[in-house]
Amino acid sequence: MKAQKYSKEGKLLSEIELPASLFESKYSSGAIYDAIKAENANLRSGNHHTKTRSEVSGGGKKPWSQKGTGRARQGSIRAPHWVGGGTVHGPRKRDYSYNVSPKVKRRAVLSVLNKKAQDAVIKVVEDLDPKEFSTKAFSTLFNNIGLKNTGVIGFLVGGENDFLKKSVRNIPTVKYINSKRIAVRDILYNRNLVITEGALGEILKHYGEGK
C-alpha cells in the first residue's frame, strides 16, 4: 500500500510504499472491539457510590412500639423502603479496568492501520521538531496537506515533544497521539491519520512482523 509524503511545510514530496508488515496484515474487527472495550473500561473512574442502611445517618431509634399501634412493625426509618433510607444493591465504588493481551492489542492496532491505508486516509510527513509554540504553523501545515474542514485528524508523532503537543492542542479537530502510547480508539476515531516518519519507525519497531 502507498501513501503520500509531505514536507514540514505541507508540500507534496512523493508517494511512498508503506511497510507491508504493518499495513498488509489481516483485519480483525474482534480485536478492535476487545481493545476499545478495554480502553473505555480503563477510562471509567468507578466513583459511583450509594449508601446502604448501615451507612445512612439517623434511624437509631425504633420509630414506634412493636405492638399496640395498629401499624406494621418498623425497626428503623433508614430501612430501604423508607424515604431517605439505604439503597439495596446500588452501585458501589469499583475498579472497571482490565487489560487485553499484547497479541490482541497488536492485532487491533494493525487492523486499524490496515483499514486506514485501504481507505487512503493516511498521510506521512517529515519529522517535526519545533523550537517554539506555534498553533498557526501547524494549522497551516494541515491546510497545505489538504485536510482543512475534513473532520478529526489523528496526528501520530514519535515520542513526546512539548512544543509540538501544546501547539496542536488548540486546534479542535486535531488529536495528538504519541506513537509510544497508542490507544486504538485514538487512531480509529478520525477521518484522516497524519503520521510522522519517526512515528512510522516506532510503530514498525513495536508492532511490525515478529513482534
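Residues numbered from 1 in each chain as written. Predicted model: local features only at pLDDT ≥ 70, side-chain atom pairs only at ≥ 80, totals over all residues. Heavy atoms only, no water.

Colleague: In this structure, what is going on with the nonpolar core? I would like to understand it.
Modeller: As a rule of thumb, soluble globular proteins bury nonpolar side chains together. Counting residues in hydrophobic clusters, the biggest one holds 27 residues, and the most contacted among them are Phe23 and Val184. For this core, the elements supplying multiple residues, two or more each, are helix 1 (20-23), helix 2 (29-43), helix 3 (102-118), strand 3 (122-125), helix 6 (184-188), strand 6 (192-196) and helix 7 (197-207). The biggest single contributor to this core is helix 3, with six residues. If sequence neighbours within four positions are ignored, Val184 has contacts with Ile32, Ala35, Ile36, Glu39, Lys105, Ala108, Val109 and Val112. Among the nonpolar cores identified, the runner-up in size contains 17 residues, and Leu141, Ile153, Leu164 and Tyr176 belong to it. (Core = buried A, V, L, I, M, F, W, Y, C linked by side-chain atoms within 4.5 Å. Buried < 20%, exposed > 50% of the residue type's maximum accessible area, 1.4 Å probe, protein only. Helix = DSSP H or I, 4+ residues; strand = E, 2+ residues; numbered from the N terminus. Contact = heavy atoms within 4.5 Å.)

Colleague: Sorry if this is basic, but what is going on with unusual backbone geometry here?
Modeller: It is generally the case that most residues other than glycine have a negative phi and that most peptide bonds are trans. Non-glycine residue Ala120 carries a positive phi angle of around 60°. Summarising the element assignment, Ala120 is placed in the loop between helix 3 and strand 3. On the accessibility criterion, Ala120 (54% relative accessible area) is exposed.

Colleague: Sorry, what's going on with the side chain of Asn114 here?
Modeller: In this structure, Asn114 sits in helix 3. A distance of 2.9 Å separates a polar side-chain atom of Asn114 from the backbone oxygen of Ser25. (Polar contact = N/O pair within 3.5 Å; in protein donor to acceptor, adjacent residues only side chain to side chain.)

Colleague: What should I look at first to understand the layout of surface pockets in this one?
Modeller: Empty pockets left among the atoms are what a rolling probe the size of a water molecule brings to light. As a volume, the largest pocket reaches approximately 200 Å³. Around the largest pocket, the lining residues are Glu160, Lys165, Lys175, Tyr176, Ile177, Asn178, Arg181 and Asp186. Residue contributions to the lining of the largest pocket peak at four residues, all from strand 5 (residues 174-178). A per-class count over the lining of the largest pocket returns two nonpolar, one polar and five charged. (1 Å grid on protein atoms, 1.4 Å probe; cavity = no way out; pocket = protein on both sides within 12 Å on 5 of 7 lines; lining within 4 Å. Points joined across faces, edges and corners; volume = space filled by probe spheres on them. Nonpolar A, V, L, I, M, F, W, Y, C, P; charged D, E, K, R; others polar.)

Colleague: Looking at this structure, how should I read the side chain of Glu39?
Modeller: Tracing the backbone shows Glu39 in helix 2. For the buried Glu39, no salt bridge exists, and the shortest N-O distance to an oppositely charged side chain is 4.7 Å, to Lys105. When near neighbours in sequence (up to four residues on either side) are disregarded, Glu39 contacts Lys105, Ala183, Val184 and Arg185. (Lys, Arg positive; Asp, Glu negative; His and termini not counted. Salt bridge = Lys/Arg side-chain N within 4 Å of Asp/Glu carboxyl O.)

Colleague: Looking at this structure, how should I read the pairing of strand 2 (residues 12-17)?
Modeller: Two faces, one strand: in a regular strand the side chains alternate between the faces of the sheet. The pairing of strand 1 (residues 2-6) with strand 2 spans five bridges and is antiparallel. What sits directly across from Gln4, in strand 2, is Glu15. As consecutive antiparallel partners, strand 1 and strand 2 are separated by five residues, and within that stretch Gly10 has a phi angle of approximately 95°, a positive value. (Pairing = 2+ DSSP bridges.)

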